Each structure stands twice: as C-alpha cells, then as structure tokens.
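Commentary on secondary and tertiary structure
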Amino acid sequence: MSETAAKLPPESGAAVMELKAGSLEDRIARLEQQLQGLERRAVSNRATIVVFSGDLDKVLAGLVIATGAAAMGLEVSMFHTFWGLSALRKQRKVRGKNLLEQAMNVMTPAGLGSLTPSKLSFAGAGAAILRKMMKDKGVQSPEELFALARELGVKVLACEMSMDVMGIHRDELIDGVEVAGVAAYLGDAADSKVTLFI
Amino acid sequence: MSETAAKLPPESGAAVMELKAGSLEDRIARLEQQLQGLERRAVSNRATIVVFSGDLDKVLAGLVIATGAAAMGLEVSMFHTFWGLSALRKQRKVRGKNLLEQAMNVMTPAGLGSLTPSKLSFAGAGAAILRKMMKDKGVQSPEELFALARELGVKVLACEMSMDVMGIHRDELIDGVEVAGVAAYLGDAADSKVTLFI
Amino acid sequence: MSETAAKLPPESGAAVMELKAGSLEDRIARLEQQLQGLERRAVSNRATIVVFSGDLDKVLAGLVIATGAAAMGLEVSMFHTFWGLSALRKQRKVRGKNLLEQAMNVMTPAGLGSLTPSKLSFAGAGAAILRKMMKDKGVQSPEELFALARELGVKVLACEMSMDVMGIHRDELIDGVEVAGVAAYLGDAADSKVTLFI
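Attention here is on the structure that accompanies the text. The shown structure was predicted, so the numbers you read here are calculated from the model rather than taken from an experiment.

Cut-offs and rules
Residues numbered from 1 in each chain as written. Chains lettered and ligands numbered in written order. Predicted model: local features only at pLDDT ≥ 70, side-chain atom pairs only at ≥ 80, totals over all residues. Heavy atoms only, no water. Helix = DSSP H or I, 4+ residues; strand = E, 2+ residues; numbered from the N terminus. Buried < 20%, exposed > 50% of the residue type's maximum accessible area, 1.4 Å probe, protein only. Contact = heavy atoms within 4.5 Å. Areas by Shrake-Rupley, 256 points an atom, 1.4 Å probe, with all protein chains shown as cover. Pairing = 2+ DSSP bridges. Least-squares fit on C-alpha atoms with pLDDT ≥ 70 in both. Polar contact = N/O pair within 3.5 Å; in protein donor to acceptor, adjacent residues only side chain to side chain. Axes fitted to C-alpha atoms, helices over the stretch in contact; angles between N-to-C directions. Buried area = accessible area lost by both parts, 1.4 Å probe. Salt bridge = Lys/Arg side-chain N within 4 Å of Asp/Glu carboxyl O. Nonpolar A, V, L, I, M, F, W, Y, C, P; charged D, E, K, R; others polar. Left-handed = near helix turned anticlockwise from the far one by under 90°.

Digging into the overall build of chain A
Assigned secondary structure in chain A consists of 8 helices and 5 strands. The N-to-C order of helical and strand elements in chain A reads α-α-β-α-β-α-α-α-β-α-β-α-β. Within chain A, the proportion of its 198 residues that are buried is 53%. Counting contacts in chain A only where the partners sit at least 6 residues apart, residues at least 24 apart contribute 71% of the total. Of the roughly 8,500 Å² of accessible surface on chain A, 55% is carried by carbon and sulfur atoms.

Structure below.
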C-alpha cells in the first residue's frame, strides 16, 4: 500500500486516501461482522451448578464452590434436581400425595440437616462426624454456607420436573427458592464459564 | 485532531488524512490481531456431556439436559464411558469374550431397560417405581427421551477405550452410536459452552 | 453520507475524507470497546477438573480426560478435594492427629494403589480385576497415567480446606502437589473451556 502511494504524484493524495479509506472500511466491516459472530460464542462471568446429589459431602462441595465463585464476583446459579431437592426441603408433608409420593417423601431427607455423606456412614453417625470435623477446623456449617450463598446473591433453583415426579410441593421448600424448568437452567449454563454437575 | 486539522491550510488536507488513516490503520490492524486471538478463546453453541454413570436416575438427568439443550438449538454430544456404556447396549453377548469380560457382561446392565437408580432400590423395584412415578406425571420414559435425543440430532458417542477394557463389542451397542476416542470427546468439549460429567 | 459526498465539488475530496475517516474512527472506537468487553467473556484453551471422588474408576476417567486434554495442547488443572485427596496420599500418618482424624485416616484409602471402583467390588477384588482388564488391553495403569499427566504438565492441586477438615497433612501427599484453596481452583475454572466435577 505505501509503495503504491509512493509512486503516485502528490496531488492525487485525496484519491489515494479514498482508496485507503475504502479498504479500511472493508476491514472495519469485516471486523464488525466477525465481532458479531464472536458475541454469540462468548459466555458471561457466571457459574452454573446442577446439584443432582443429595449427599451431604457433595452438597457441601457445591456450596463451597458456589460461595467462592460469588465472592469472586461471578454470577452463580444452583439448579437442584432429583436427590438434590432434599437440600431445599423445609418440612415433610404427606397430605395430598399418593402412596408412592408418600413413600418417596419418607425415604428421602428433608433439609440440609438430614443429609448424610456418600461415604463413611459410621453406622449413621457420618453426618454428625463430618459436621464436627468441619466445626473443629472453623469451617462454616452447611447451613451457614447456604445462608452465605443467599447473601452473596447465589440464585437457587428447584427443578420443576423432579418436584413433579417426586411429588414435592412448592410449600415444602424453603423460602426464596425459584421453581424452574430445565430451559431456565440451560439458559444460565449456556452463558457460563463454569458448568458443573454434582 | 479536528482542531489540528482546522489550523492547517486547506492544501495539506490530504497529508492530514494520510496521518489519520495511518493511525486508523494501526488501530484496525491491532483489532484484527486481537480478534484472531479471541477466536481461539471462544466456544460454540454446544453442550458436551460425559455419561460415566449407568444409574437410571443419572442417565435420565443426562437425557433431560441433552434433549432440552438440543431443543434450544445447541449442538449436543453425549460421550458414554465406563458404566454409561450400559445405556447403549442392546444385547448381551458371551461368545468371543474371556472370562473376566463374560463376568463383566453378566454383572452390568444391558440397555436402558435394565438400568436401576442410584438410590432407593426398594428391594429391586426402584426402576419400576421411578418409571411409574414419571409416567404418572406425564414425563417421557427413558426410552422416549433417548429417541427424542436422536431425533433432535444429539450425537451419541461410545468410548472406545472403555469398550475395549470391558470387552463390549460394537455389535452389542444399539444402532447409530459412534465409537470414538477421548480425543473426539475433547474436540467437542473444548468447543462447548456447557460441559458436564454425569 | 454518500448523498452529502455527491453534493460536494470534487476539489473538496480531503474534506469528504475527513468526514468518512471520522465515521470510520467512530466505528473503530466502537469495535475497540466491544472487543474489550469480549475479552472479559472469553476463556482460555484450558480444562479444569474437580476430582471429588476417590473411586478408582472415576479417578481413572479424570486421568484419561486430563492426559488427553494435555496431549491436545490444553492447559489442565486437577483440583483434588474430599475423597479425591486419597489419590494424592503417599502414606498414612497417625501422629499429631486427633481421634476423628485418625479414624478418617484409617478408613480412607492412601494412594492410587488402594483405591477401589464405585461398582462391582467383586468381594474386594474389584480394583485388581479392573487393573487386570486394563492391562490385558494394553491400557496404561492408573500410576502410569498419573505419571504421564505430570510429564505433560498437568497441574495437580490438593484442596486446602478438605485437607484441614480431614486432618491430612502436607507431608502425607505425594511430591509436586500444590496445596490450594477454592479461589485458585475457581481462577482456573473461570478461564477454562472444559470444566468438570468428577
């Protein structure tokens, strides 16, 4: 380009500029187009976690990651589904449920306080032991971590389809939980830098 | 810049332009370079799921996410490995297998129809109960969800190394499954907005 | 713009250029701004894996993915937490531990060599059988895969909080492991194309 410009007589500077600007404009137009394409291929500063498990240790891991991410400024969503719904229950309810739902209700834990770890049940004492070990080391309890998550603005979603299948009613869940479908989860997940299934 | 231009005699307009265009060109060149770098740091509208588990509840979660994502327009790959291969088996085969392979063959489920949930076995009735609870609420069966996934273009991959280790032959898998290595999985995963290990 | 240009006499070409360049400059400025925004929404050629599980089969899956990713040129971090710390232990130590820590120490595996699979324990022979099946097919052992991961530059992190809670001391871990907090994990994860929780 500069060579061509050098060969031209000085008075045609404006014409050279026209050419140059034209080519610059082409490059800008191309950049604009590429950028538009890239916008669709970018994600946000966001972490989205499926909490499928209802095991105390796994729910804890989810809470530690969620609160850590929120503290670092990421927007965080936790989508509780299947056994993970147990962590969001505040009460057992039997009325208005069919037999299978009642059985499911009784056989699954209701609330963080009834979750047990996936390993080392220690004849049922596993949760108490894990909690004691955490307390001994000054680590926040599951309940404190959950409260912290809420404070930090972590969005807590309960999977509508799982609730329906397991017969868990909205009034059995703790307050502030949003009931949502898989599409809501995927909307967040497809805009996230971190996506996990726990 | 416009102030400088105003002070210059009219005949030097072309020279000013040259300068300006030069600086614009520099900025465009820098943009082009940055954009090229960003292209390598972008991902596609894609979800890639490792199905490691052969538990009915987890495979179901994978199918619900996969079909939901495909319905939303994401390209979806499911990479079945280890126990997750069970979901893709259509038959048991003993011939041409060594003793360990035969034992593995007999002791792992063959097909969606033989998967059991990870919790609440209900003395072996767990799968039947989960299926009934899903049907009662009008949720599609695992088989229907899998068929829907295929219809929506979800790519189903079977992990070659796991097949080899477990002694599962290609003709034991349902049709339309692609046998692939971890590199194929990673190729998809490293171009995905959503990556999960189930 | 072109209309305005058409009305101007030919000698004012430089002025037209001024206008045009001005508009080009605006577009470039806009592009620069958008690009800066996109930089924050991009990730790197990186895979970050939480190894929460201490099951041999799951740890193996993590190692296969990690080495595969590293071989493909991705930067890989493995963040071992909870039961996943077992894979990084080189010895059992009882001294300087309280009773619960000693119990935890004894009841959890120490090192890749003591991990057992999540399914098919075969009355305790599960690990030996899985290892034999892998060897029969020429697949690298867990120990070889781990060594390969290190050779390929995979970063191996041990979760500080879990170590603290479970009473695992730094000198119980194999060499070359970095003890790190959840913030270090999240720093890597939020810059990754592939994020998994195993």
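Thoughts on the pairing of strand S3 (residues 155-159) of chain B
Residues and elements named next belong to chain B. Judged by how many residues are buried, S3 sits mostly within the fold: 4 of 5 residues are covered. With 4 bridges connecting them, strand S2 (residues 75-80) and S3 associate as parallel partners. The residue bridging His-80 from the neighbouring strand is Ala-158, located in S3. As paired elements, S3 and strand S4 (residues 178-180) share 3 bridges and run parallel to each other. Looking across to S4, one finds that Leu-157 is bridged to Glu-178.

Looking at the relation of the copies chain C and chain B
Superposing chain C onto chain B takes a rotation of 120 degrees combined with a translation of 0.0 Å along the rotation axis, leaving an RMSD of 0.0 Å. Such values leave the two copies arranged in the relation of a three-fold axis.

Focus: the side chain of Glu-172 of chain B
All names here are of chain B. Residue position: Glu-172 is located in the loop between helix H7 (160-166) and S4. Of the polar contacts made by the side chain of Glu-172, one reaches the backbone nitrogen of Lys-93; its length is 3.3 Å. Reaching out from Glu-172, the side chain makes a polar contact with the backbone nitrogen of His-169 at a distance of 2.6 Å.

Observations concerning the sheet that holds strand S4 (residues 178-180) of chain A
All names here are of chain A. Judged by pairing direction, the sheet is parallel, and its 5 strands sit side by side in the order S4-S3-S2-S1-S5 without closing on themselves. Each edge of the sheet is formed by a strand with only one pairing partner; in this case those strands are S4 and strand S5 (192-197). Strand-to-strand twist of the sheet, defined as the mean angle between neighbouring strand axes without regard to direction, takes the value 25 degrees. Sheet topology places strand S1 (residues 44-51) next to S5; 5 bridges connect them, and they run parallel. Looking across to S5, one finds that Ser-44 is bridged to Ser-192. The strands touched by helix H8 (residues 182-189) are S1, strand S2 (75-80), strand S3 (155-159), S4 and S5; relative to S1, the strand with the most contacts, the crossing angle is about 140 degrees.

Some thoughts on the interface of chain B and chain A
Contacts between the two partners involve 45 residues from chain B and, on the opposite side, 43 residues from chain A. Summing both partners gives a buried area of about 4,000 Å² for chain B against chain A, and 71% of it is carried by carbon and sulfur. Joining chain B to chain A, the criterion identifies 5 salt bridges. Run the count over chain B and chain A and you get 10 residue pairs in polar contact (both at pLDDT 80 or more). Elements that contribute at least two residues to the side of chain B that touches chain A include exactly helix H2 (13-39), helix H3 (56-71), helix H5 (126-136) and strand S5 (192-197) of chain B. Tallied by class, the residues present in the side of chain B that touches chain A amount to 29 nonpolar, 4 polar and 12 charged.

With respect to the packing of helix H3 (residues 56-71) of chain A against helix H6 (residues 142-151) of chain A
Residue and element names in this part refer to chain A. The N-to-C vectors of H3 and H6 enclose an angle of 35 degrees; their axes lie 9 Å apart at closest approach. Note that H3 runs across H6; the crossing there is left-handed. On H6, the residues touching Leu-56, Leu-60, Leu-63, Val-64 and Thr-67 of H3 are Pro-142, Leu-145, Phe-146, Leu-148 and Ala-149.

Section: the interface of chain C and chain B
On the side of chain B, 44 residues touch chain C, which itself brings 45 residues to the contact. Around 4,000 Å² of area is buried between chain C and chain B when both sides are counted, 71% of it from carbon and sulfur atoms. Taken together, chain C and chain B are joined by 10 residue pairs in polar contact (both at pLDDT 80 or more). Among the elements of the structure, helix H2 (13-39), helix H3 (56-71), helix H5 (126-136) and strand S5 (192-197) of chain C are those that each provide at least two residues to the side of chain C that touches chain B. Per-element tally for the side of chain C that touches chain B: the top contributor is H2 of chain C, with 13 residues. Here the side of chain C that touches chain B is composed, by residue class, of 29 nonpolar, 4 polar and 12 charged.

A closer look at the environment of Gly-96 of chain C
All names here are of chain C. Note on placement: Gly-96 falls in the loop between strand S2 (75-80) and helix H4 (99-107). Each C-alpha atom of the pair Gly-96 and Gly-167 lies 9.3 Å from the other, and the pair is 71 residues apart in sequence. Look past the residues within four positions of Gly-96 in its chain and what remains in contact with it is Glu-101 and His-169.

A closer look at the pattern of salt bridges
Under the defined criterion, the tally for this structure stands at 42 salt bridges over all chains. A salt bridge links Arg-41 of chain A to Glu-39 of chain B, with the nearest nitrogen and oxygen atoms 2.8 Å apart. Taken together, the residues Arg-41 of chain A in the loop between helix H2 (13-39) and S1 and Glu-39 of chain B in helix H2 connect one chain to another. For Arg-41 of chain A, a relative accessible area of 23% corresponds to the partly exposed category. According to the relative accessible area criterion, Glu-39 of chain B is partly exposed, its value standing at 28%.

These values are about where atoms sit, not about what they do.
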